[in-house]
Structure formats: structure tokens, C-alpha cells
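A structural walkthrough
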Amino acid sequence: MSTTDPVHAIAAKRWTIALVLSVLMLAIYFGFILLVAFGKGLLSILLTQGLSLGILLGALTIVSCWILSLIYVIWANRSYDQAVAQAIARTTTPAGRKP
Amino acid sequence: MSGSNPLAILFFFVFIALTLGVTYWAAKRTKTTEHFYAAGHGVTGFQNGLALAGDYMSAASFLGIAGLVALNGFDGLIYSTGWLVGWPIILFLIAEPLRNLGKYTFSDVVAYRLQQRPVRIAAVIGTMAVVLTYLIAQMVGAGTLIKLLFSLDYTLAVVIVGIVMMTYVLFGGMLATTWVQIIKACLLLGGAVVLAVLVLAQFGFNPTALFAKAAELNGKQVLEPGTKVVTGAWDAVSLGLALMFGTAGLPHILMRFYTVPDAKQARISVVWATIWIGGFYLITFVLGFGAMVLVGMKEVVGAGGGGNMAAPLLANAVGGSAFFGFICAVAFATILAVVAGLTLSGAAALSHDIWVNVVKGGQASEREQLKVARIAAVILGVCAIVLGIIFQGQNIAYMVGLTFSIAASANFPALVLAIFWRRFTTWGAVTAIVLGTVSTLVLLYCGPTIQVDILKNDIAEVSKQWVVLPAQESLPDHYDSVVSVGDRGLAAHAGTGCRGRLCRGGAPRHLGGIG
């Protein structure tokens, strides 16, 4: 298979997006964990009565899981699936190939 | 909470009757291996999302985290976040290729381009190590919990859980197991939401008012990172790695992706699972602090079970004995559903990977495959009961940590490398899994969790031994030794490279009290 194969190009794009989102997820979570380990003073700051920055960032870590997942699934459902279907329809390679 | 609660027993029997009814319905539809292992690939993304949440949210999530937060405040929340962040990684990197390349088990994907026999044997070692350690944790947790909740004998409780779980798997296969997970997930989420609403109602539906009250009663430190859960920077990183990548290496979770018809539904199911599990962990913030304020730290400790009674006691405090009974039954259902999922994935590994693909070289009739799968399920069920009884009183937190450490350092790297790396070899895959499993076990044995906490050795003695085994203390040493293995082996090792710290450090030490 040559690299100009449209199905391969789309698959490569999916991997790029998947890797970027994975790195973002890792950065957010390990950012939070490293703050817990090294930034005790910072996380102890009270934003309002009862709400420390640590609790807020913990909750935001969970929310960021949702946001990144939704970004991926919306892109994949709208663009990726359609692009794959079009590419498969256009190529003359034997049917049944998976992206 | 001594003395049995008749309502709890009633709720529990309603759950058993309902799930056995589902099993009867599923048994009539389970005629082929495709049904037994993968529910005929007919589960929708939304349903599988709920079932994934049901498979994943063990009693450790519900009772363990609520207890950790009730007793430690902020530090418990590290687990709430850590146990969720593996899910987006599964979504981005694993779910779709897994569904596209595999049939019934994750070994299908690892062995896809490689020699079947050695890779499958290695993958089954990784699978069984995870399944058995997790089963022990769940069974010991079940026995201890049921003893506390229903005042039932430990051995009897373990036998009941084992037999009911075996019934689901044996007759209903994946279809029954899926619906048991869905029912359990709905009960658990529903119960947790009602509990949280009842708690928040006392604080004007303002969570920060609850947190403020907790700080007022127990000091400002409950809202701050302490030193109880994460003792050092490297422990924090190691704990993070184990929680994150361990999730993506659990065979019973990976197996669920074969129940949906295609990669698109697999993708959708992970998003739903992430939403349910994340929402549930946000609720644990409220439940934990709620128990700290409305029940009190002393009472939570006094109830026994290492803080695991926090959520049931909270239910009693805000909803009376009827709600207490309901939450107890939900906790029991939670354990039952998780062990069923584990047993099914173990049975699939023994039957589909070992019997069909290793012993029979891929040639076996449907009838024979189903028979072997059911025999494997019975063997595992009996093993679970026997191990649950043998390991009574064992440190469950350690077993759960071991499970996640093995999954993170054996199964996850092999799976990711098989998906991503075209030059991945049979030798690389076998080394990745076997070395990951064995070294996790060996290093855990040498680490402070066992040597200091369980065997009660002097920390100074243990430190002397570390000089002899430097790999567990210094990752650079580890990578030096790996270079000599050569190109192919290197990546396999790199994937497992986190293990030194994983095993020595935080992961196994403090994971929620009950598996």
C-alpha cells in the first residue's frame, strides 16, 4: 500500500488526533498529580468558603476527561466515519479492507 | 450496625430474582460461542457504556473512595480522578483497533500479526494474573462486607457470591453478564444520586457549604493535599501510572468491546462509560465529605471495615434504615456483577486462547468450544470461592493494587505495542507480558508494602536488600540492563519500564479498602 492511499491518509489523521488528545489527557492528569506532590501550598488556597483550589482542579480533571472524549467522538462520528466511507467507495482496492 | 437488616436482605433477594430471571432469558439465546463470549455482538453503544461502568465501578469505587474521603478529605479524591483518566486513553488508543482486529479476547489483537501459540500463552498468563488477583480482592471484600452488612458468616457469604456469579456466567454467558452489569450500574448510580441529593438538601444544595462545614468541624487540612495517600513525588507518579494504564489493561473491561457491532459503537460506549463513571466519582466527593460531617470520622472508623462503612452509614443517617438496606443491597450487587465479569473474561482466556488456539490450533467445533468455556467458568468459580476463603483477612488494598500494577505493566504495553508498532515481534510480545507480570510480582514482594506492612520487617532491613536489587529503586539502571536485550526487546521493556516504581510505590498501598 502506498502512503497516498486515501484510507491510509485518513487513518493516519485519526492517529494524530488520538495521540494529541492522549498527550493532553496525560498532561492534565500528571499536572494535577504533580501539583498534589509539589504544590501543596497552591492547592490549599481557598477560593471561597469551603472550596480549595485542589478540590476545584480535581473536579476539573474529571470534567476534562468528558470534554476530551466528547471532542474525539464528535469529530470521529461526523468527519472520520464519513471520510472513511467515501475513501472506501472511491478506492478500487478489494472490498472488506479495514481502515 | 450490628444485627441483620431485614430490608437489606429483601432488596438483595429482589436483585437476585431479577438477575436470575435475566439469566434464564439470556440462556435461551446463548447457543454459540459468539453469544457466550460477545452477546452476539448485539449490544448497543449506550448499553455497553452502562455495562462498562457496571464492570468497572467495583465496591472499591463506591465504598472505598467514600471511606477514603470521609477519613482523609482531599487525599481520597486523588483516586476519584485517577480511576477515571484511563478511560479517555482507552477511547483514543485502544477501543476501535481492539474491536476491528479481535474476536473475543484482547489476546486476539496482541497475537494478530504474530505467532499464535507463544503470544496467546503469554497473554493468558497476564490475563489470569489480573483476573485471579482481582477475584481474590473482590471475594475477600464480599465476605468482609456481607459479614458487616448482613451479619452473615464470612464463608457462607463467599460461597453464595461464588454460586450466584457462576450461575450468571455458566448459563447466560456474556448476554446475562451484560444485563447484570447494566442493572447494577443503574442501581449504583441511582442510589448514589439519591444519597448525594439527601446530603446536599441539608446544605442548601451547595457543595461548598458542605465542604466548609467539613473544614469547620475537622480543620482546614481536610480540603488540602496531605501526606497520607501520596507520600512522595515518585509515589504520586507511580500511583498515577498504575491507575491510568491499569484501567486500559483489565481483561474484563477489554472484552466488553466485542459485545458491540462495530468500532463506531465501541467508541460511543467508551464515551458513555466515561460520563457515567466520571459523574459517579464527582458524586463521591459529596458522599465522602457528607459522611465526614453527618456521620463523623470517629463513627466511620468505629464501624470497622477500614472506613468502608462510610457510605452505608451515611445512608442510614440521611435516609433511615430502609435506605441503609437499599445501599447495602446495592453494594452486594456491585461485587456480584464485577466477579461475574471477571470470571467470564478468565473463562474466555482459558477456552478461546488456550484450548482452541493453542491446544487445538484454531480447530474446534462450536459445541466443544462452549463446553470448554463452561468448564473453565466452573473451575474459575470454584477457584474464586476457595481463594476467597483462603485469603480471608488479607489486605485487599494490596490485591487491588497488584491487579492494577500487573494490568499496567504487562497487558497494557503489549496491547498498545501490538496496535502501534509494525515491527513488534512474537519475542517482544511474550517478553513484555511475562516480564511485566513476573517482575511486578517479584518487585512487589521486595517492596515496602509486603516487607514492611504485611511481613512487618524492619524498614532498615528492607533498605539493605534494595542495594542488592537496584532496579526497583532506579529506573536508569533498569533501562541500562534493557539495552542489552536489543532492539525488539527494548520497546517491550520500555513499555514495562514503569514497573519498578509502580510496584515499590503508591499503587498497592492505599487503594480503597475493599476491592
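**Remarks on the overall build of chain A**
Across its full length, chain A carries 3 helices and 2 strands. In chain A, the succession of α and β elements from N to C terminus is α-α-β-β-α.

**Digging into the overall build of chain B**
Scanning chain B from N- to C-terminus turns up 24 helices and 0 strands. Expressed as a percentage of its 515 residues, the buried residues of chain B come to 65%.

**So, the environment of valine 286 of chain B**
Following the sequence through the fold, valine 286 of chain B ends up in helix α13 (residues 263–295). Those residues in contact with valine 286 of chain B that sit more than four places away from it in its chain are Ala196, Val199, Leu200, Pro207 and Leu210 of chain B.

**Description of the packing of helix α10 (residues 207–218) of chain B against α13 of chain B**
Residue and element names in this part refer to chain B. Viewed as axis vectors pointing N to C, α10 and α13 meet at an angle of 40 degrees, and their least axial separation amounts to 9 Å. One finds that α10 runs oblique with respect to α13. For the pair α10 and α13, the crossing hand works out as left-handed. From α10, Pro207, Leu210, Phe211, Lys213, Ala214, Leu217 and Asn218 reach across to α13, where they touch Val286, Phe289, Gly290, Met292 and Val293. Looking at the contact of α10 with α13 residue by residue, the class counts come to 9 nonpolar, 2 polar and 1 charged.

**Things to note about the interface of chain B and chain A**
Listed as interface residues are 38 residues of chain B and, on the opposing side, 36 residues of chain A. Broken down by secondary-structure element, the contributors of at least two residues to the side of chain B that touches chain A are α5 (77–82), α6 (86–101), α10, α11 (233–247) and α13 of chain B. Ranked by the residues each element gives to the side of chain B that touches chain A, the list is headed by α13 of chain B, at 10 residues. Residues that form the side of chain B that touches chain A fall into these classes: 28 nonpolar, 7 polar and 3 charged.

**A word on the nonpolar core**
Val161, Ala291, Leu314 and Val339 of chain B are the most contacted members of the largest nonpolar core, which has 222 residues in total. In terms of residue count, helix α15 (residues 310–359) of chain B provides more of this core than any other element does, 30 residues in total.

**Remarks on helix α1 (residues 6–29) of chain B**
All names here are of chain B. With 24 residues, α1 should reach 34 Å at 1.5 Å per residue; the first-to-last C-alpha distance of 35 Å fits that figure. Residues of α1 that are buried include every one of Ala8, Phe11, Phe12, Phe15, Thr19, Val22, Thr23 and Ala26, and no others. In this structure, the buried side of α1 is in contact with α8 (116–150), α9 (154–201) and α15.

**Points about the packing of α8 of chain B against helix α16 (residues 366–390) of chain B**
Residues and elements named next belong to chain B. With their axes 8 Å apart at the nearest point, α8 and α16 run at an angle of 60 degrees to one another. As judged from the angle between their axes, α8 and α16 are oblique. Judged by the twist between their axes, the crossing of α8 over α16 is right-handed. Seen from α8, the contacting residues are Leu135, Ile136, Met139, Val140 and Gly143; seen from α16, they are Ala384, Leu387 and Gly388. Here the contact of α8 with α16 is composed, by residue class, of 6 nonpolar, 2 polar and no charged.

**Section: the environment of methionine 244 of chain B**
Residues and elements named next belong to chain B. Looking at the element boundaries, methionine 244 is found in helix α11. C-beta crowding within 10 Å serves as the criterion here: with 26 such atoms nearby, methionine 244 is assigned to the buried category. Expressed as a C-alpha distance, the spacing of methionine 244 and threonine 81, which sit 163 residues apart in the sequence, is 9.5 Å.

**Some points on the confidence of the model for chain B**
Residue and element names in this part refer to chain B. Per-residue pLDDT for chain B has a mean of 80; in total, 83% of the residues score no lower than 70. Here residues 459–515 is a poorly scored stretch, pLDDT under 50, and it has 148 contacts once near neighbours within four places are set aside; other chains count. In the model output, the complex is listed with pTM 0.85 alongside ipTM 0.87.

**A look at α16 of chain B**
Residues and elements named next belong to chain B. A rise of 1.5 Å per residue sets the reference length of α16, with its 25 residues, at 36 Å; its end C-alpha atoms lie 36 Å apart and thus fit the reference within 8%. Restricting attention to buried positions, one finds in α16 the residues Gln369, Leu370, Val372, Ala373, Ala376, Ala377, Leu380, Gly381, Ala384, Ile385, Leu387 and Gly388. Tucked inside the fold, the buried residues of α16 contact α2 (33–38), α8, α9 and α15.

**A word on the confidence of the model for chain A**
A low pLDDT means the predicted coordinates there should not be read in detail. Across chain A, the average pLDDT comes to 84, with 88% of residues at 70 or higher. Of all helices and strands in chain A, the one with the weakest mean pLDDT is helix α2 (residues 40–43) of chain A (84), whereas helix α3 (residues 53–90) of chain A scores best (91).

**Here we look at unusual backbone geometry**
Residue and element names in this part refer to chain B. At alanine 39, a residue that is not glycine, the phi angle is positive and equals roughly 50 degrees. As for its placement among the helices and strands, alanine 39 is situated in the loop between α2 and α3 (45–56). Positive phi is not limited to glycine here, since phenylalanine 205 has a value of about 55 degrees. Within the secondary structure, phenylalanine 205 sits in the loop between α9 and α10.

**Regarding the environment of aspartate 262 of chain B**
All names here are of chain B. Structurally, the position occupied by aspartate 262 is in the loop between α12 (251–255) and α13. Given 13 C-beta atoms within 10 Å, aspartate 262 falls into the partly exposed group. In sequence terms aspartate 262 and leucine 210 are 52 residues apart; their C-alpha atoms lie 44 Å from each other.

Here is what the cut-offs are and how they apply
Residues numbered from 1 in each chain as written. Chains lettered and ligands numbered in written order. Predicted model: local features only at pLDDT ≥ 70, side-chain atom pairs only at ≥ 80, totals over all residues. Helix = DSSP H or I, 4+ residues; strand = E, 2+ residues; numbered from the N terminus. Buried ≥ 20, exposed ≤ 12 C-beta atoms within 10 Å, placed from the backbone. Contact = placed C-beta atoms within 7 Å. Axes fitted to C-alpha atoms, helices over the stretch in contact; angles between N-to-C directions. Parallel < 35°, antiparallel > 145°, perpendicular 65-115°, else oblique. Left-handed = near helix turned anticlockwise from the far one by under 90°. Nonpolar A, V, L, I, M, F, W, Y, C, P; charged D, E, K, R; others polar. Core = buried A, V, L, I, M, F, W, Y, C linked by C-beta atoms within 7 Å. Expected span 1.5 Å × (residues − 1). pLDDT = per-residue confidence, 0-100.

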